[in-house]
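Each chain, written out:
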Amino acid sequence: MLVQFTTTDGKEIWINPIHVKAVRAKTGILGGKKNATEIWLSWSSTSTAIDVAMQPADVANLLNASTPSALLPAFLESDDETNIPKSND
């Protein structure tokens, strides 16, 4: 379930896809695209981003492929606004 990445500064990191909140192309101060992708990770009260030298679609595909399939039905059947699984009442 962990996915290995190498950050733009050469550090190896293993990411649990459950903690990934967003993947986006890295941009510069003036809005120009950089040759990196930001992976935003979040815990209960903090969030942080790491930069990897890959295309956003490639990062997303790796994370999607390693997401446990047992979690997918709960998200697919969830309420669109809140991502809270619907009750079986």
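Residues numbered from 1 in each chain as written. Predicted model: local features only at pLDDT ≥ 70, side-chain atom pairs only at ≥ 80, totals over all residues. Heavy atoms only, no water.

1. Focus on the pairing of strand β4 (residues 33–42)
Where we set the bar: Being paired, for any two strands, means DSSP has found at least two bridges between them. Per the convention used, a helix needs a DSSP run of H or I reaching at least four residues, while a strand needs a run of E reaching at least two, with both numbered from the N terminus.
In the sheet, strand β3 (residues 20–27) pairs with β4 via six bridges, with the strands oriented antiparallel. Residue pairing in the sheet places A22 in a bridge with W40 of β4. Between β3 and β4, which pair antiparallel in sequence order, lie five residues; one of them, G31, sits at a positive phi of approximately 95 degrees. Hairpin connection, β4 to strand β5 (residues 47–52): the antiparallel pair is bridged by four residues.

2. Digging into the pattern of salt bridges
Which entries qualify depends on this criterion: The term salt bridge refers to a pairing of a side-chain nitrogen on Lys or Arg with a carboxyl oxygen on Asp or Glu at a separation within 4 Å.
If you walk through the whole model with that rule in mind, you get four salt bridges. Across the pair K26 and D51 runs a salt bridge, and its minimum N-O distance is 3.3 Å. Linking K26 in strand β3 with D51 in strand β5, this pair joins segments that are 25 residues apart in sequence. Each of R24, K26, E38 and D51 takes part in a single network of salt bridges with overlapping partners.

Keep in mind these numbers describe shape, not what the thing actually does.
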